[in-house]
Amino acid sequence: MNSGAPGVVRAGIVVTGTEVITGRIVDSNGPWISERLAELGVEVAHIMVVADRPEDLEGALRFMAAEGMDLIVTSGGLGPTADDLTAEVVARFAGVELVLDEEMEEKIAEILRGFARRFRFDEEAVRAANRKQAMVPAGSQPLDPVGTAPGLVVPAGERVVIVLPGPPRELRPMWPRAIGSEPVRAALARATPLHAYTVRMFGIPESEIAKSLREIESAGVDLGAVEITTCLRRGEIEIDVRYRAEATAVAEAVRAGLVERHERHLFSLDGETVDVQLARLLREGGHRLALAESCSAGLLAARITNLPGASAYFAGGVVAYSNEAKAELLGVDPALIEAHGAVSPEVAEAMSRGALTRFGADVAVAITGIAGPDGGTEEKPVGYVCFDARLADGAAIARDPVIPGDRDDIRERSALVAMHLLRTLLGGDEAPL
């Protein structure tokens, strides 16, 4: 087994599929498995993506073994076609033969009978083509299929290989069976719990977080005792801190140091998203929200309504892309647009006031900007976006930043900025921008 610290169980994940390598499919299995393993106290060291070639998969397995992985989890390559060779390669890696599991063969046959009757397939031809799915490495523990492909738990010398199908709808329901198998339970029993928290910030660059962490370390906090990951995601900074029980004091010192230095920009100490926070503020405050969107073109409305129960507080929104729509749907004076331009703080304010009136709302936010790639000027470059968040009683927050990135970035981040302005307006906090 691995020669790392006591109580540390290490894992590697191998995702197979040429369609993932080529980008036709974006891998979601690797990150999902990694998160599940972390919840069990397992330290994930590698996620590899390999093509549907047996030599590539075998090379990945041998790399994981050389790196001292206690657990190796594979996804994909378990179907009936010629390129589905994971079971065969894992058997060779474990040094055992493939054998027919007659009980599993019958389970697969029963599943296929339903398909054959429903779609009028040749039942015997389908059964013959899928019999290979019942060929399992000797000494392995098959996992009942969710689709037609069974999973496998394969002891391989000093480590255990968990073999799972590629489709997430099959892989995820199979996961509890895999970790409940005796070989995997034995490996997990050596792991000490891995704790974690996520701090979220908005309106601050990653370089400031790096500077703060250096200061915290200089103050005597042993950052080497914890694992800190800083990531810019959708315009927000996520700081993930993972640690074991013996490093709890260090982890709390890191959190306290970040709060002390960045209280204005920190909006979540426990990983809670701005979406959830804003929904709670709207719901508990009995508010009725209206939106007026131009360059974001409904992205904010989509994000607001992504959480269930939004009908309790979301009145509606207008995508007023053209000047005519701003005038006709939100009551913006054309003379105001003529004087200041459609992308201006003045027009953003008129849009939010118009949304309040049109929907009989008590809180509104407006977005108007230049998403590009064309349309920018020296005075108003691409990325210049005007926001106006206001309450019916007159309280308001207006901002007009230049948002970096391409067209998609600007549009998506515009929706995010609007959510944070609403959060600070309703929560009485200091605006982070």
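The coordinates are above.
A brief look at the structure comes next.

Procedures and definitions
Residues numbered from 1 in each chain as written. Predicted model: local features only at pLDDT ≥ 70, side-chain atom pairs only at ≥ 80, totals over all residues. Heavy atoms only, no water. Helix = DSSP H or I, 4+ residues; strand = E, 2+ residues; numbered from the N terminus. Buried < 20%, exposed > 50% of the residue type's maximum accessible area, 1.4 Å probe, protein only. Contact = heavy atoms within 4.5 Å. Areas by Shrake-Rupley, 256 points an atom, 1.4 Å probe, with all protein chains shown as cover. Lys, Arg positive; Asp, Glu negative; His and termini not counted. Charge placed at Lys NZ, Arg CZ, Asp CG, Glu CD. Pairing = 2+ DSSP bridges. Axes fitted to C-alpha atoms, helices over the stretch in contact; angles between N-to-C directions. Salt bridge = Lys/Arg side-chain N within 4 Å of Asp/Glu carboxyl O. Parallel < 35°, antiparallel > 145°, perpendicular 65-115°, else oblique. Left-handed = near helix turned anticlockwise from the far one by under 90°. Nonpolar A, V, L, I, M, F, W, Y, C, P; charged D, E, K, R; others polar. Arc of directions from axis to C-beta.

Quick look at the overall build of the protein
Tallying secondary structure elements over the protein gives 16 helices and 17 strands in all. Reported as C-alpha extents along the three principal axes, the dimensions of the protein are approximately 80 × 65 × 40 Å. Across the 433 residues that make up the protein, the buried fraction comes to 49%. Counted over contacts in the protein with a minimum sequence separation of 6, partners at least 24 positions apart contribute 68%. If you sum the accessible surface of the protein, you get close to 19800 Å²; carbon and sulfur atoms cover 51% of it. For the protein, the distance from the average position of its 44 positive side-chain charges to the average position of its 65 negative side-chain charges is 3 Å.

Digging into the sheet that holds strand E11 (residues 236-243)
Strands sit in the order E10-E11-E9-E12 across an open sheet of four strands; the sheet is antiparallel. Each edge of the open sheet carries a strand with a single partner, namely strand E10 (227-233) and strand E12 (266-268). Each neighbouring strand pair of the sheet contributes to a mean axis angle of 25 degrees, computed without reference to strand direction. Two strands pair when backbone bridges link them, and E10 and E11 are joined in this way by seven bridges, in the antiparallel orientation. Across the sheet, residue Leu232 finds its bridge partner in E11, namely Ile237.

A short note on the sheet that holds strand E3 (residues 71-75)
The six strands lie next to each other as E2-E1-E3-E8-E7-E6, forming an open sheet whose pairing is mixed. Only two strands of the sheet have a single partner each, and these edge strands are strand E2 (42-50) and strand E6 (141-143). When strand polarity is set aside, the average angle formed by the axes of neighbouring strands in this sheet is 20 degrees. Two strands pair when backbone bridges link them, and strand E1 (residues 9-16) and E3 are joined in this way by five bridges, in the parallel orientation. Bridge pairing links Ile13 to Val73 in E3. Contacts from helix H2 (residues 29-39) reach E1, E2 and E3 within the one sheet, and its direction differs from that of E2 by about 165 degrees.

Remarks on the pattern of salt bridges
Scanning the entire structure with this criterion turns up 20 salt bridges. Ionic pairing is found between Arg255 and Glu252, a salt bridge with its closest N-O pair at 2.8 Å. Linking Arg255 with Glu252, this pair stays in helix H10 (residues 248-262), spanning three residues, or about one helical turn.

Comments concerning the packing of helix H3 (residues 54-66) against helix H4 (residues 86-94)
A pair of packed helices can be characterised by two numbers: the angle between their axes and the separation between those axes. Axis separation between H3 and H4 bottoms out at 10 Å; the angle between their running directions is 40 degrees. Our classification of the angle between H3 and H4 gives oblique. When the axes of H3 and H4 are compared, the crossing they make is right-handed. Contact residues: Pro54, Leu57, Glu58, Leu61, Arg62 and Ala65 in H3; Thr86, Val89, Val90, Arg92 and Phe93 in H4. Taken together, the residues that form the contact of H3 with H4 break down as seven nonpolar, one polar and three charged.

Here's the deal with the packing of helix H11 (residues 274-284) against helix H16 (residues 407-427)
Interhelical geometry of H11 versus H16 gives an angle of 40 degrees and a closest axis separation of 10 Å. Considered as vectors, H11 and H16 are oriented oblique to each other. Remark: the crossing between H11 and H16 carries left-handed chirality. In contact with Val274, Asp275, Gln277, Leu278, Leu281 and Leu282 of H11, H16 contributes Leu416, Met419, His420, Leu422, Arg423, Leu426 and Gly427. Looking at the contact of H11 with H16 residue by residue, the classes come out as eight nonpolar, three polar and two charged.

Quick look at helix H13 (residues 323-330)
Burial in H13 covers these residues: Ala325, Lys326 and Leu330. Angularly, the buried residues of H13 cover 105 degrees about the axis, an arc narrow enough to put them on a single face. When the buried face of H13 is taken as reference, the exposed residues oriented beyond 90 degrees from it are Glu324 and Glu328. Residues of H13 that are buried sit in contact with strand E13 (289-293), strand E14 (314-319), helix H14 (334-340), helix H15 (345-359) and strand E15 (363-369). Looking one or two residues past H13, Gly331 carries a phi angle of roughly 75 degrees, positive in sign.

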